[in-house]
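Structure assessment
Spelled out, the chains give:
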Amino acid sequence: MQHYREGVVEAPFADLSTYVSTPPRLGVPPLFPALKFYGRLLAPVIWLCRKAAKGLCDDSAWVHASLCVTEIIESIGCPVSIEGMEHISASREPCVFVANHMSTLETFMLPGIIRPHRSVTFVVKKSLVSMPFFGAVMRSRNPIVVGRTNPREDLAAVLEGGVERLKKGISIIVFPQSTRMTEFDPQHFNTIGVKLARKAGVPVVPLALKTDAWGTGKKCKELGPIKGGLPVRYKFAAPMTIHGNGREEQAFICDFIASQLAQWRAQDGVNA
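Now for a look at the structure at hand.

Definitions and limits used
Within each chain, residue numbers correspond to sequence positions counted from 1 in written order. Only residues with pLDDT of at least 70 get local features here, since the model is predicted, and only at 80 or more are side-chain atom pairs given and counted; chain-wide, interface and lining totals rely on the full set of residues. Excluding hydrogens and water, the side-chain figures rest on all heavy atoms present in the structure. Each helix is a run of H or I in the DSSP string that is no shorter than four residues. Each strand is a run of E no shorter than two, and both are numbered from the N terminus. Every helix has an expected span of 1.5 Å times one less than the residues it contains. Each residue is assigned a bend, namely the angle between axes fitted to the seven residues that terminate at it and the seven residues that start at it. A simple rule labels every residue: compare its accessible area, found with a 1.4 Å probe on the protein chains alone, to the largest value its type can have, and call it buried under 20%, exposed over 50%, or partly exposed in between. We call two residues in contact whenever any of their non-hydrogen atoms come within 4.5 Å of each other. Only rings of Phe, Tyr and Trp enter the pairing, Trp through its six-membered ring, and a pair is recorded when the two centres are within 6.5 Å. The plane angle decides the type: under 30 degrees is stacked, over 60 is edge-to-face, the rest tilted. Like charges within 9 Å and nonpolar side chains (Val, Leu, Ile, Met, Phe, Trp, Tyr) within 5 Å are joined into patches, using only residues over 30% in relative accessible area that form no salt bridge. In short, Shrake-Rupley with a 1.4 Å probe defines the accessible areas, and a residue's cover is counted only from the protein chains shown. Any carboxyl oxygen of Asp or Glu that lies within 4 Å of a side-chain nitrogen of Lys or Arg is treated as forming a salt bridge with it. Two strands qualify as a pair provided that DSSP identifies no fewer than 2 bridges between them. Only buried residues count toward a nonpolar core. Its members are Ala, Val, Leu, Ile, Met, Phe, Trp, Tyr and Cys residues joined through side-chain atoms within 4.5 Å. Orientation is described by axes fitted as lines to C-alpha atoms, over the contacting stretch for helices, and by angles from 0 to 180 degrees between their N-to-C directions. Small angles under 35 degrees read as roughly parallel and large ones over 145 as roughly antiparallel, with 65 to 115 read as roughly perpendicular and the rest as oblique. Each crossing gets its hand from how the near helix is turned against the far one by less than a right angle, where anticlockwise is left-handed and clockwise is right-handed. The way it works is a 1 Å grid over only the protein atoms, where trapped points that fit a 1.4 Å probe form a cavity and open points with protein on both sides within 12 Å along at least five of seven lines form a pocket, and then any residue with an atom within 4 Å of a point lines it. Grid points are joined across faces, edges and corners, and a volume is the space filled by probe spheres set on the points. In this classification, the charged set is Asp, Glu, Lys and Arg, the nonpolar set is Ala, Val, Leu, Ile, Met, Phe, Trp, Tyr, Cys and Pro, and all remaining amino acids, among them Gly, are polar.

With that settled, the discussion passes to helix α1 (residues 33-53). Along its 21 residues, α1 runs 30 Å from first to last C-alpha, staying within 8% of the 30 Å computed at 1.5 Å per residue. Residue L42 marks the point of greatest curvature in α1, where the axis turns by about 30 degrees; the proline P44 follows within four residues. Taken as a whole, α1 has its buried residues at P33, F37, Y38, L41, P44, W47, L48, C49, K51 and A52. Looking at the buried residues of α1, the elements they touch are α2 (59-75), α3 (105-114) and α5 (134-140).

Moving on to the packing of aromatic side chains. The way to describe two aromatic rings as a pair is by their centre distance and the angle between their planes. For the structure shown, the criterion picks out twelve aromatic pairs. Members of the aromatic cluster, joined through ring pairs, are F37, Y38, F108, F134 and W214.

A few words on a nonpolar patch on the surface. Judged by side-chain polarity, L31, F32 and L35 come together as a nonpolar surface patch covering roughly 420 Å² of accessible area. Tracing the sequence through the fold places L31 in the loop between β1 (19-20) and α1. You can call L31 exposed: its relative accessible area is 72%.

Relative to strand β2 (residues 80-83), β1 runs antiparallel, the two being bridged by two bridges. Looking across to β2, one finds that Y19 is bridged to I82. Across four bridges, the pairing between β2 and strand β8 (residues 232-236) is parallel. Paired with I82 across the two strands is Y234, which belongs to β8.

Moving on, we get to the nonpolar core. If you look at the biggest cluster of nonpolar residues, it comprises 84 residues, and the most contacted ones within it are L110, I113, Y234 and F236. At eight residues, α2 tops the list of elements feeding residues into this core.

Residue position: D268 is located in helix α8 (residues 247-268). As a C-alpha pair, D268 and R148 span 120 residues in sequence and 33 Å in three-dimensional space.

This part takes up the packing of α2 against α3. Running from amino to carboxyl end, α2 crosses α3 at an angle of 120 degrees, the nearest separation of the two axes being 7 Å. Accordingly, the angle class assigned to the pair α2 and α3 is oblique. In this structure, the crossing between α2 and α3 has a hand that is left-handed. The segment α2 lies against α3, with W62, V63, S66, L67, V69, T70 and I73 engaging L105, F108, M109, L110, P111 and G112.

This part is about the layout of surface pockets. Empty space among the atoms can be located by rolling a probe the size of a water molecule over them. Looking at the largest pocket, its volume works out to about 920 Å³. In terms of lining residues, the largest pocket is bounded by 39 residues, among which T104, F108, M131, F134 and E222 are the most central. Elements supplying a minimum of two residues to the lining of the largest pocket: α1, α2, α3, β4 (120-125) and α5. Residue contributions to the lining of the largest pocket peak at eight residues, all from α1. Residue classes in the lining of the largest pocket are distributed as 27 nonpolar, six polar and six charged. Roughly 420 Å³ of internal volume is contained in the second largest pocket. In this structure, the second largest pocket is lined by 20 residues; those nearest its centre are P151, D154, P176, N190 and I192. Those elements that place two or more of their residues in the lining of the second largest pocket are α6 (151-167) and α7 (192-200). Top element by residues in the lining of the second largest pocket is α6. It accounts for five residues. Here the residues of the lining of the second largest pocket sort into nine nonpolar, seven polar and four charged.

Below, the structure is given as structure tokens:
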């Protein structure tokens, strides 16, 4: 992979609080965006899977592949904006990132945004670590694995595994929704991230994102429609300490995500 240096974690966003795609990086939306996007995506995915198969999928490789995906989404005319990056490393202690879950795109892009600031892993469903080829990549990241069939078992796995990793200085990315959704519904946004932060005694960093440029497929969720030209947006809020039962913090996270999505949709157009 071009520009890759083994053992070196690339950090193009590390000194920025805000990133916005510039014309030299931003391509013109192609006539067949899915063809161009998936065609270019194959290279970093195959490269990373081969690394993982050899036990060489370290942080530098993970971040490099992630940044490649950011360049690819920009190449099909999707401007990327990332706000509030100063909040990623505002706390010296590890934290829990709590975000809405809209598409596969955020799981590809977030390592390149967050990992240069701090060690991080995901809470992921079991199918992602058992799938052929890419499962090796996910397993190499030492994620917290949940089955998504028994909420009590999932909560126990997240609390136990999350506290263990947070004590080691590894932050956690949590998507409290049961599945990927383009519309945000607080009723389907559980409190698992807040509960983990409270139990571990670490801050929560709310994250609102809009990544529906990569749609969800009907037969295979990862192979959905690609909307060239549709903006991709992320915004981090300031770290919050959990007080009491965490209800106020949970309400703030939901309000933050809902208001950001409404603002972005107003900026990008009704159908965006």
